[in-house]
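Chain residues, written in single-letter form:
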Amino acid sequence: MPTRSAYIHVPFCVHRCGYCDFTLVAGRDELMGDFLKAIEIELSHVEGRPVLDTLFFGGGTPTQLPPDLLRQLIELIRSKFDLASDAEFSVEGNPADLSDATLDVLVEAGVNRLSLGAQSFDDATLKMLERDHRGSDIADCLARARERIPNISLDLIFAVPGQSLELWRSTLDEAIQLEPTHLSTYGLTFEKGTAFWTRREHGDLTQADEELERDMYGLAMDVLDEAGLAQYEISSFARPGFRSRHNQVYWNGGDFFGFGPGAASYQHGRRILNHRSVTTWLKRVLAGESGVGETEELSPEDRARELLVLGLRQTDGIEACEFERRSGIELQTLVGESIERLVKQNLLEHANNRIRLTREGRFLADSVAGELLV
Ligand code: SF4
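Worth saying up front: this structure is predicted, and the values here are computed from it rather than measured.

1. What about the overall build of the protein?
Then, number 1: Within the protein, the secondary structure is distributed over 15 helices and 17 strands.
Then, number 2: Relative to a compact globule of 374 residues, whose C-alpha radius of gyration would be 21 Å, the protein shows 21 Å and is just as compact.
Then, number 3: Along the first, second and third principal axes, the C-alpha set of the protein runs to 55 × 50 × 45 Å.
Then, number 4: The long-range fraction of contacts in the protein, counting pairs at least 24 apart against all pairs at least 6 apart in sequence, stands at 69%.
Then, number 5: Carbon and sulfur atoms provide 48% of the accessible area of the protein, an area that totals close to 17,100 Å².

Dropping the structure here:
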């Protein structure tokens, strides 16, 4: 099968939020012109003229590119790829900087899905997260955007220091009232190298305790389901017909192109990771060198285990015959004993000829994955 999905990493933000370890530069807008040149060079290595079913601009903050540069970036991509007539074209945006001029560019370019980094509606929580928007900006932004791009997803973060279960409940309620088509919820993580990590080490920030984080995740599952946003992946909830097609390509072990610093590509069992330093990636690509940081050739067994673990992230789980057809490896031989042990522990279950995480298993998805990857 030809590769029919592409991810473009746009590594610009006004400021690096304290918890963020993504590949980006903050306050370096002067690099935007070079970024476009480097993307053009990376694109020149693509053979033929592939057709895309899904195209995703993530970051960083893609909407931080001024409208003329955003238009140029989209034109570059579209000069190399055709979009299928029903393609999903998603762009991540920040409620603080989604201007009408930017929306014009997105709509003209055929963007039909917007993913907004709302994170919270509570100003104190947003301040703690060092976000540059206020709670009230989200509804304003969504009202302006929705008239033009009705398919809107919101990202929310829970387990933020100082956030109570009640505050999380009201965040979920406010999100539901805005009627997004899709919602993603993430527990705050403290990644090494971030400002939050250092602050926690110095006792300046207290991480939410595990029980509270668990309660918050459980609450999200219950409340969103009741509101008609059905969970379909560990962190993802959608109204019928609005699952993220692009992310499902990842979770179904499909192939995809990736362009930009830190972006990953996956093709025929080969994973290629671009350099994570924006400036190194830029320097190398502009000098005519490779921007690739790492390449990994997965063995058939590694591919099969990865297919299994990614598939199990989805609430539908996996079907043994389909798994075997795609991986060429019998599920029972690969992980039969581990699966039965996890079933006994009530973390996995057999349902309708499929294997999937139980509700309890969703709380412990990382441990389940750890067992199946060994
Ligand atoms: S806006 Fe998003 S990508 Fe940018 S620094 Fe904050 S968390 Fe990271």
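Still more ground to cover, so stick around.
2. Focus on helix 13 (residues 331–344)
Then, number 1: Along its length, helix 13 shows its largest kink, about 40°, at Glu337.
Then, number 2: For helix 13, the set of buried residues is Leu331, Leu334, Val335, Gly336, Ser338, Ile339 and Leu342.
Then, number 3: Elements in contact with the buried residues of helix 13: helix 11 (300–313), strand 15 (318–319), helix 12 (320–327), strand 16 (348–351), strand 17 (354–357) and helix 15 (365–373).
Then, number 4: After helix 13 finishes, the residue Asn346 shows a positive phi value of roughly 65°.

3. Section: the environment of Leu342
Then, number 1: If you trace the backbone, Leu342 turns up in helix 13.
Then, number 2: Remark: the alpha-carbon pair of Leu342 and Pro67, spanning 275 residues in sequence, is separated by 50 Å.
Then, number 3: Those residues in contact with Leu342, other than ones at most four positions away along the chain, are Leu347, Leu348, Val368, Glu371 and Leu372.

4. Quick word on the sheet that holds strand 15
The strands making up a sheet associate through backbone hydrogen bonding, with each pair oriented either parallel or antiparallel.
Then, number 1: The strand order 15-17-16 describes an open sheet built from 3 strands, whose pairing is antiparallel. The outermost strands of the open sheet, each flanked by one partner alone, are strand 15 and strand 16.
Then, number 2: In this fold helix 13 packs onto strand 15, strand 16 and strand 17, with an angle of close to 110° to the strand it touches most, strand 16.

5. Points about the domain arrangement of the protein
Then, number 1: The assigned domain composition of the protein is domain 1 (5–251) and domain 2 (300–373).
Then, number 2: Between the C-alpha centres of domain 1 and domain 2 the distance comes to 28 Å.
Then, number 3: Contacts between the two partners involve 14 residues from domain 1, matched on the other side by 12 residues from domain 2.
Then, number 4: Contact between domain 1 and domain 2 buries roughly 1,200 Å² in total, counting both sides, with carbon and sulfur atoms accounting for 49%.
Then, number 5: The largest share of the area that domain 1 buries against domain 2 comes from Arg214, Ile234 and Trp251, three residues that together contribute 45% of it.
Then, number 6: For the pair domain 1 and domain 2, the interface holds 4 salt bridges.
Then, number 7: Asp222 serves as the salt-bridge partner of Arg359, at 3.0 Å between the closest nitrogen and oxygen.
Then, number 8: Applying the counting criterion to the domain 1 and domain 2 interface returns 10 residue pairs in polar contact (both at pLDDT 80 or more).
Then, number 9: Residue assignment for the side of domain 1 that touches domain 2 shows that the elements contributing at least two residues are helix 8 (210–226), strand 9 (230–233) and helix 9 (245–251).

6. Comments concerning the layout of surface pockets
Then, number 1: Taken as a whole, the second largest pocket spans an internal volume of roughly 700 Å³.
Then, number 2: Asn252, Gly253, Gly254, Asp255 and Arg326 are the residues nearest the centre of the second largest pocket, which is lined by 26 residues in total.
Then, number 3: For the lining of the second largest pocket, the secondary-structure elements that each account for two or more residues are strand 4 (51–59), helix 9, helix 11 and helix 12.

7. Focus: the packing of helix 11 against helix 13
Then, number 1: In contact at an axis separation of 11 Å, helix 11 and helix 13 are set at 55° when each is read in the N-to-C sense. Here helix 11 lies oblique to helix 13, going by the angle between them. When the axes of helix 11 and helix 13 are compared, the crossing they make is right-handed. Contact residues: helix 11 offers Glu301, Ala304, Arg305 and Leu308, while helix 13 offers Leu331, Leu334 and Val335.

8. Regarding the pairing of strand 1 (residues 5–10)
Then, number 1: Judged by how many residues are buried, strand 1 sits mostly within the fold: 6 of 6 residues are covered.
Then, number 2: As judged from the 6 bridges shared by strand 1 and strand 4, these two strands associate in the parallel manner. The residue bridging Ile8 from the neighbouring strand is Phe57, located in strand 4.
Then, number 3: Examined bridge by bridge, strand 1 and strand 11 (residues 257–259) share 3 bridges and lie parallel to one another. Each residue of the ladder has a partner; that of Ile8, found in strand 11, is Phe259.

9. Things to note about the site of the ligand
Then, number 1: Around the ligand, the surrounding shell consists of Cys13, His15, Arg16, Cys17, Tyr19, Cys20, Phe22, Leu24, Gly60, Thr61 and Arg131.
Then, number 2: The class makeup of the residues in the shell around the ligand is 6 nonpolar, 3 polar and 2 charged.

10. A few points about a negative patch on the surface
Then, number 1: A surface patch of negative charge is lined by Asp209, Glu210, Glu211 and Asp215.
Then, number 2: On the secondary structure map, Glu210 appears in helix 8.
Then, number 3: Judged by relative accessible area, which is 71%, Glu210 ranks as exposed.

Rules behind the numbers
Residues numbered from 1 in each chain as written. Predicted model: local features only at pLDDT ≥ 70, side-chain atom pairs only at ≥ 80, totals over all residues. Heavy atoms only, no water. Helix = DSSP H or I, 4+ residues; strand = E, 2+ residues; numbered from the N terminus. Rg over C-alpha atoms; globule rule 2.2 N^0.38 Å. Contact = heavy atoms within 4.5 Å. Areas by Shrake-Rupley, 256 points an atom, 1.4 Å probe, with all protein chains shown as cover. Bend = angle between axes of the 7 residues up to and from the residue. Buried < 20%, exposed > 50% of the residue type's maximum accessible area, 1.4 Å probe, protein only. Pairing = 2+ DSSP bridges. Axes fitted to C-alpha atoms, helices over the stretch in contact; angles between N-to-C directions. Domains from an automatic or database assignment. Buried area = accessible area lost by both parts, 1.4 Å probe. Salt bridge = Lys/Arg side-chain N within 4 Å of Asp/Glu carboxyl O. Polar contact = N/O pair within 3.5 Å; in protein donor to acceptor, adjacent residues only side chain to side chain. 1 Å grid on protein atoms, 1.4 Å probe; cavity = no way out; pocket = protein on both sides within 12 Å on 5 of 7 lines; lining within 4 Å. Points joined across faces, edges and corners; volume = space filled by probe spheres on them. Parallel < 35°, antiparallel > 145°, perpendicular 65-115°, else oblique. Left-handed = near helix turned anticlockwise from the far one by under 90°. Near = heavy atom within 4 Å. Nonpolar A, V, L, I, M, F, W, Y, C, P; charged D, E, K, R; others polar. Patch = residues over 30% accessible without salt bridge, like charges linked within 9 Å, V, L, I, M, F, W, Y side chains within 5 Å. Lys, Arg positive; Asp, Glu negative; His and termini not counted. Charge placed at Lys NZ, Arg CZ, Asp CG, Glu CD.

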